[in-house]
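Listed here are the chains, written in short residue letters.
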Amino acid sequence: MLLRTAISRPEKFSMYWKETMRQMDDIGVGSIIIVSIIAIFIGAVTAVQFAYQLDGTLVPRWYIGYIVRDSTIIELAPTISCLVLAGKVGSNIAAEIGGMRQKEHIDAMEIMGVNTASYLILPKVIAGLVMIPILVCMAAFISILGGYLSSVVGGLITHEEYLRGLRSFFSDHNVVMMVIKSLVFAFILTTVSAYQGYYVKGGSIELGQASTQAVVYSDILILLADYVIALLLTQ
Amino acid sequence: MIRAVDIRKSFGETEVLKGISMTFEKGKTNLIIGRSGAGKTVLLKLLVGLMEPTQGEIWYGNDNFSEMEKKQRRAIRMEVGMLFQGSALFDSMTVEENVRFPLDMFTNMTRKEKQKQVDYCLERVELVGANKKFPSETSGGMQKRVGIARSIVLNPKYLFCDEPNSGLDPKTALLIDELIKRITYENEMTTIINTHDMNSVMEIGDNIALLYLGELAWQGNKSEVLDSDNELLQDFIFASPFLQRLRDAALQNTK
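Bear in mind that the values here come from a model prediction, so they are computed numbers and not experimental data. (Residues numbered from 1 in each chain as written. Chains lettered and ligands numbered in written order. Predicted model: local features only at pLDDT ≥ 70, side-chain atom pairs only at ≥ 80, totals over all residues. Heavy atoms only, no water.)

1. A word on the interface of chain A and chain B
Counting residues at the interface gives 18 residues for chain A and 25 residues for chain B. Buried surface at the junction of chain A and chain B, both sides included, amounts to about 2000 Å², of which 64% is carbon and sulfur. Together, A:Lys12, A:Ile111 and A:Met112 form the three largest contributors to the area buried by chain A at its contact with chain B, with a combined 35%. Inspection of the region where chain A meets chain B yields two salt bridges. The interface formed by chain A and chain B contains four residue pairs in polar contact (both at pLDDT 80 or more). Sorting elements by how many residues they give to the side of chain A that touches chain B places helix α5 (residues 105-112) of chain A first, with seven residues. Across the side of chain A that touches chain B, the residue classes tally to eight nonpolar, four polar and six charged. (Contact = heavy atoms within 4.5 Å. Buried area = accessible area lost by both parts, 1.4 Å probe. Salt bridge = Lys/Arg side-chain N within 4 Å of Asp/Glu carboxyl O. Polar contact = N/O pair within 3.5 Å; in protein donor to acceptor, adjacent residues only side chain to side chain. Helix = DSSP H or I, 4+ residues; strand = E, 2+ residues; numbered from the N terminus. Nonpolar A, V, L, I, M, F, W, Y, C, P; charged D, E, K, R; others polar.)

Written out as structure tokens, the structure reads:
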């Protein structure tokens, strides 16, 4: 019901646009560093561990590039990035909206005639749907770079071997899957967190609980959605 | 004018308001007073539509607010200003942006027109020069004045004030009272003030309603307070021995 109220005609398009831009900056630009750090280590660790598993087997070592690329694109970049973003962005959304509820900012807007569900939630959802897929694509790229650094610079395989792996068996369906996952996860983490914040009651303890619940519920739903998407798109 | 007709409100088994009927007159300061837990804030929230009554009706002029659709209520709310107990100023916005927010959201005024209206409202609350300050950089009294400026920026017909003097020193509280009174008279607004500040009662109480345990215990105006023999009112207004001595002295002088 909250979502239905949120998705309605804006009172003033320019105000919603301004708020959406602010949220894009918060959610997108504000998350670049954390997503980059996580992505580079995901790629690096995947490459090192796969090299360890290949040791003494007949599987060619250039498969490292292929495995890093596909595991990153299909699973690690969208899922790990969004789990982390649920912690960073989700808790922030819940705390921001919940704080506004407690300080009577939402009541003040309601009395002015503002559709608060729409003004406070819709820009966050749109900003998440636009920025999170971009962050996930960036994470995938940086992960592959991390894999390169750990395997090539680390001396596990050569530059040519890694590139050969990267260029082998490429399926653009995997990229589509990554984008679909990131869109679904973005929707989950923004709406669940906004809901938790919007209906917060009580004081600072309840606000903290709402923020925690936003992260926990978002994480569980993201993992569940990950499974369902994997089932549907890999048939 | 706003009318409350047989308003009841329950939370679970607890009935907080037990059939309140009263009229809030246009161009006057209508005060709702009472001890903590008497139901003042609940009544105010029902009047502005932040809560729904369990029973009863609220009328804005000739319009039944209780039966309105959400869209119709939004239209009415454009005519409502409210000053919150904690001011409810948006932390991320400056004083000027806070006051301009309703104009940005609901009008198609040019930037210049908006600025003129914002400056006019800030001038009325005597806050010239504070435009670029953030709420955190202003005192409690200034925040209340910004709250008043924001609530009158759309020239509302109705002004609601929830504990406008709470947390303020007596001198600043008087200034806020004076300001609300002046704006009410000049703009011919229906102003409803929820307070337990006795200075406000005696200074600006055109109409006063005392709530006691969710019921209307007394109604009158500031000049009737001293003469009233309503025990609940006397206990509430002149709660301390100091105030009781002042009342007795005042009564002695009038005799």
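Past the structure itself, the notes keep going.
2. Re the packing of aromatic side chains
Under the defined criterion, the tally for this structure stands at 14 aromatic pairs over all chains. When the centroid spacing of 5.5 Å and the interplanar angle of 85° are considered together, the rings of A:Tyr63 and A:Tyr66 count as edge-to-face. One end of the pair is A:Tyr63 and the other is A:Tyr66, both in helix α4 (residues 63-102) and three residues apart, which spans about a single turn. Residue A:Tyr63 is classed as partly exposed on the basis of its relative accessible area of 23%. For the ring pair A:Tyr63 and A:Phe169, a centre distance of 6.0 Å and an interplane angle of 65° mean the geometry is edge-to-face. Here A:Tyr63, found in helix α4, pairs with A:Phe169, found in the loop between α7 (159-167) and α8 (172-198); they are 106 residues apart in sequence, far enough to count as distant. Overall, A:Phe169 belongs to the partly exposed group, its relative accessible area being 49%. An aromatic cluster is defined as three or more aromatic residues linked by ring pairs; in this entry it consists of A:Tyr16, A:Tyr119, B:Phe90 and B:Phe101. If you follow B:Arg150 out to its NZ or CZ, it ends over the ring of B:Phe90, 4.7 Å from the centre. (Phe/Tyr/Trp six-rings, centres within 6.5 Å; stacked < 30°, edge-to-face > 60°. Buried < 20%, exposed > 50% of the residue type's maximum accessible area, 1.4 Å probe, protein only. Lys NZ or Arg CZ within 6 Å of the ring centre and 35° of its normal.)

3. Thoughts on the sheet that holds strand β1 (residues 2-11) of chain B
Residues and elements named next belong to chain B. As summarised here, the arrangement of the four strands in space is β2-β1-β4-β5, forming an open sheet in which the pairing is antiparallel. Two strands in the sheet have a free side with no partner beyond their single neighbour: β2 (14-24) and β5 (63-64). Across two bridges, strand β4 (residues 55-60) lies against β5 in antiparallel orientation. The partner of Trp59 across the bridge, within β5, is Asn64. Along the sheet, helix α1 (residues 40-48) contacts β1, β2 and β4; its crossing angle with β2, the most-contacted strand, is approximately 60°. (Pairing = 2+ DSSP bridges. Axes fitted to C-alpha atoms, helices over the stretch in contact; angles between N-to-C directions.)

4. Points about the nonpolar core
Core analysis: the largest hydrophobic core is formed by 51 residues, its most contacted members being A:Tyr119 and B:Phe101. If we skip the residues at most four places from it in the chain, A:Tyr119 touches A:Met15, A:Tyr16, A:Glu19, A:Met109, A:Val114, B:Phe101 and B:Met105. Core analysis: the second largest hydrophobic core is formed by 40 residues, B:Leu31, B:Val118, B:Ile180 and B:Phe236 among them. (Core = buried A, V, L, I, M, F, W, Y, C linked by side-chain atoms within 4.5 Å.)

5. Remarks on the domain arrangement of chain B
All names here are of chain B. Segmenting chain B into domains produces domain 1 (2-79 + 158-254) and domain 2 (88-155). Inter-centroid distance (C-alpha atoms) of domain 1 to domain 2 is 26 Å. Listed by partner, the interface residues are 15 residues for domain 1 and twelve residues for domain 2. Across the interface of domain 1 and domain 2, roughly 1100 Å² is buried in total on both sides, 65% from carbon and sulfur atoms. When the buried surface of domain 1 facing domain 2 is broken down by residue, Met78, Leu179 and Ile183 rank first, second and third, together holding 40% of it. Along the contact surface separating domain 1 from domain 2 lie two salt bridges. One salt bridge connects Arg182 with Glu126, and the closest N-O pair in it is separated by 3.6 Å. There are four residue pairs in polar contact (both at pLDDT 80 or more) connecting domain 1 and domain 2. Take the side of domain 1 that touches domain 2: its biggest share by element is eight residues, from helix α6 (residues 170-187). Residues that form the side of domain 1 that touches domain 2 fall into these classes: nine nonpolar, three polar and three charged. (Domains from an automatic or database assignment.)

6. A short note on the sheet that holds strand β10 (residues 215-220) of chain B
Residue and element names in this part refer to chain B. The strand order β6-β7-β8-β3-β9-β10 describes an open sheet built from six strands, whose pairing is mixed. Each having just a single partner strand, β6 (80-83) and β10 make up the two edges of the open sheet. Direction aside, neighbouring strands of the sheet carry axes that sit 15° apart on average. By the bridge criterion, five bridges tie strand β9 (residues 207-212) to β10 in an arrangement that is antiparallel. Residue Tyr212 lies in a different strand from β10, and its bridge partner there is Glu215. On the sheet, helix α5 (residues 140-152) packs against β6 and β7 (158-162) and is oriented at approximately 175° with respect to β6.

7. Thoughts on unusual backbone geometry
All names here are of chain B. A positive phi angle is found at Ala88, which is not glycine, with a value near 55°. Relative to the elements of secondary structure, Ala88 occurs in the loop between β6 and α3 (95-106). With phi around 50°, Leu213 is a residue other than glycine that occupies positive phi space. By secondary structure assignment, the location of Leu213 is in the loop between β9 and β10.

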